[in-house]
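Structural features, examined
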Amino acid sequence: MFPAPIARAPRPTRIAYQAALFAMLAIWLLPLFGVALTSVRSIDDLSRGNLWGWPSEFRLSENYAAVFADQRMAQFILNSVLITAPAVVGAVTLACMAGFALAKYRFRGNLALFVVFIAGNLVPFQILMIPVRNLAIATGIYDTRWALILFHAAFQTGFCTLFMRNFIKQLPDDMLDAARNEGLSEFQIFRHVVLPLVRPAIAAIAALTFTFVWNDYFWSLVLVQSDDVRPLTAGLQSLRGMWLASWQLISAGSIVAAIPPVLIFFFMQQHFIAGLTSGAQSD
Amino acid sequence: MTGAVAPASSSNSSSSISAWWWRHQRALTPLILLAPACLMFATFVIWPLLQSLWLSLYDWDGIGPKTWVGLGNFVELFADPVFFTTLANNLCWLLVYLAAPMLGLLLALFLNQGVRGIRAARALFLMPFVISQVVVGLIFAWFLNADFGLLNPLLAKVGLQPVAPLDNERWAIFAVIMAGLWPQTAYCMVLYLTGLTGIRAELIDSARLDGARERTVLWHVVLPQLRPVTFIAAMVCVVSALRSFDLVMIMTAGGPYNSTNVLAYYMYEQTFLSLRYGYAAAIAAVLFALMGCCVAFFLWRMLSRERA
C-alpha cells in the first residue's frame, strides 16, 4: 500500500492525520457549506453582510417554501425527471444490446464500429448544436421533452456501449457455448444468460448517465424553450433572473437542483465510482 | 374450407422461416442487436457532425437559402480577433486543466488510507463532481462577486483587500477555470484512488526493504504503474476543457469584453445572437479539428494497448 498506512504510525501522527483530513475536507467543501448556510438565512442577514457568521434567524422552511412558491419550480423538477428517466432507460437498453454484439460476435467492422462509439463519445458535443436543433425542428420534436430524451439517449449510448462491451467481454465464452449446446437461441442467451450477469454494469452506467443527463445545461438551452418542458438546470437560470440578488433563494434553488444526483451518488456510490473509473482499473 | 388450409401452409412457411433463422441466427443476431444503437448514434451524433462541417462552407441565417462561400468563413475567422481570444482561452483552459491530474494525485495519495470514516471522506471529496456545473457556476459566481460575494468578507477577516476577479479582464478567465478545476480535480482524485488500489504491493515492499525513501518509491515504483491512469485523467481533462461552456455562460457570459469567451460559447453567440449559422459552424469545425488531434492520439494509444 502506498503511502505507508497511517494506522501503523505512532499515535500523534494518527491524530495529526485525522485533523488534517478534517481541515482539508472543510476547505474543499467550503463553497457548498456557504451556499447551504445561506439557503437558511434571512434577507436581513444578507443585506447586513452577515455571510459567514451564525444566522440571526433560521428560515429554512420559509426560504425553501419561497422557492416552490413559483409554480414553475415543481414543473422544472417534473420535467427533469420525465426527461432523465426515459433517456437513461433508452441509453442503457441500446448499450446492452450493442455492447453484447460488439463483445461476443466476430464480424467485419466490429473494431471500427467500437472505435466510432468511443470517438463520438469524446466529441465536444456543442459541435452538433446546429444540425441537431434543425433535425428537431424538422421532425417537430423541437421544444418537446422528446428532443432531449432522444438526443441524450443517443449521445450517452457512446459511453454506455464502451462500458458494456468491456464488461461483457470479460464473461467466459465457454459459458455462452454451453448455453448454445443446451439449445438456447442467441436472443435467449442474451436475455437469460448475459443480462442477469451484467446487472452491476447496468447499475453503474444507469447511475452515471442519470447524473450526466440531469446535470445537462447546454442541450436544455438549445432544444427546448418553453417553461412547460424546460428541465431544472435551465429553469434555475431563468428563475435567477426573477430572484435577482435574493441569494438565499438562489442558494436554496441550487441545493434543490443538486439533491437528486447527490442522492443517487450516495445510494449507488460503489456502482457510480466503478463506472467513473472503468478505464483506470488494472486488468 | 380455406380456413383449414391456411393455418397448415402458414405453419409450414413459418417453420421454414424458423429453420432458416435457426441456421443464420449467429450471423444475424449481432446485426439486429446493433441496429438500434447505430441508428440512434448515426442520427444524432455522426450525421450532425458531418452536417456541421459541411455547413461551415456556407453562409446561412438559419431560415433563408444557404449560399456557398467555400472557405470564406474560415478566411473571415482568421481575421477575427475575438476568434483568437476564444481559441487562446480554450488552450489556456486546456493547460490549466492539466493541473487537475496532479492535484488529484496529491489528494488521492492523501486519502489512500484505511482510517475510520475514510470512505465517507472520499465520497464527500467527490461531491463537486456530482453536482451540476450550473450549480457550481452559480456558487462560484456568487462566491467571487465583488459586492455581495462570500469571498471578500472572508478576506477582510484575515486583513486582505477585497478583490473582484470576475470583473477583471485579465483574471476573470482564471476565476472561471478555477471553478471548473474544482469538480475536475475531484474526478481525477477518484481515478487515482482506483489506480492506487490496483498497484502491486510486493514491488513497493521490496523497494522499501532495499531502503528506498518514500519519495523514490513514489517516483520510480508507484507512478510508472499509474501511467495508464494518468493517461486517462489527462484525456478526460482535455475533453472537458474543450467542452467548457456552462461555467462561462453562468459566471461571465463571455465577458468582460470577451475576455472569458471560449469557442463553444462564441459559436453559440454567433448562432443565436448574430444568426450566422455558417460562421458558427466554422467555429465548430475548428473545435472539432482541435478535438480530432486529441482523439487521434487517444485512440492510437488505446488500440496499441488493446493489441499488446
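Parameters and conventions
- Residues numbered from 1 in each chain as written.
- Chains lettered and ligands numbered in written order.
- Predicted model: local features only at pLDDT ≥ 70, side-chain atom pairs only at ≥ 80, totals over all residues.
- Helix = DSSP H or I, 4+ residues; strand = E, 2+ residues; numbered from the N terminus.
- Buried ≥ 20, exposed ≤ 12 C-beta atoms within 10 Å, placed from the backbone.
- Contact = placed C-beta atoms within 7 Å.
- Expected span 1.5 Å × (residues − 1).
- Domains from an automatic or database assignment.
- Axes fitted to C-alpha atoms, helices over the stretch in contact; angles between N-to-C directions.
- Parallel < 35°, antiparallel > 145°, perpendicular 65-115°, else oblique.
- Nonpolar A, V, L, I, M, F, W, Y, C, P; charged D, E, K, R; others polar.

Take the overall build of chain B next. A tally of regular secondary structure across chain B gives 14 helices and two strands. C-alpha extents for chain B along the principal axes are approximately 100 × 70 × 35 Å. Going through the 308 residues of chain B one by one, you find that 43% of them count as buried.

This part covers the interface of chain B and chain A. The extent of an interface is frequently quoted as the accessible surface area lost upon association of the parts. Residue-level contacts link 77 residues of chain B with 82 residues of chain A. If one sorts the elements of the side of chain B that touches chain A by residue count, helix 1 (residues 2–55) of chain B sits on top with 19 residues.

As for its position among the elements, Leu193 of chain B is in helix 8 (residues 172–198). Setting aside anything within four residues of it in sequence, one finds Leu193 of chain B in contact with Ala108, Leu111, Asn112 and Arg122 of chain B.

What follows deals with helix 1 (residues 11–28) of chain A. Relative to the 26 Å expected for 18 residues at 1.5 Å per residue, helix 1 of chain A spans 26 Å between its end C-alpha atoms, a close match to the ideal helical length. The element helix 1 of chain A is barely covered by neighbouring structure, given that only zero of its 18 residues are classed as buried.

Another aspect to go through is the domain arrangement of chain A. Residue and element names in this part refer to chain A. For chain A, the domain assignment lists domain 1 (6–65) and domain 2 (70–280). Computed over C-alpha atoms, the centres of domain 1 and domain 2 are 33 Å apart. In this complex, domain 1 contributes nine residues to the contact, which on the side of domain 2 involves eight residues. For the side of domain 1 that touches domain 2, the elements supplying multiple residues, two or more each, are helix 2 (30–38), helix 3 (43–48) and helix 4 (60–69).

It is worth spelling out unusual backbone geometry at this point. Unlike most non-glycine residues, Asp143 of chain A shows phi in positive territory, near 65°. Relative to the assigned elements, Asp143 of chain A resides in the loop between helix 7 (129–139) and helix 8 (145–169). Even without glycine at this site, Tyr257 of chain B takes up a positive phi of about 50°. Assignment of secondary structure puts Tyr257 of chain B in the loop between helix 12 (246–251) and helix 13 (263–272).

Here we come to the packing of helix 4 of chain A against helix 14 (residues 247–267) of chain A. Residues and elements named next belong to chain A. It is at 9 Å that the axes of helix 4 and helix 14 come closest, and there the two elements cross at 80°. One finds that helix 4 runs roughly perpendicular with respect to helix 14. Contacts between helix 4 and helix 14 involve Asn63, Tyr64, Ala66 and Val67 from the first element and Gln248, Leu249, Ala252, Gly253 and Val256 from the second. Class assignment for the residues of the contact of helix 4 with helix 14 results in six nonpolar, three polar and no charged.

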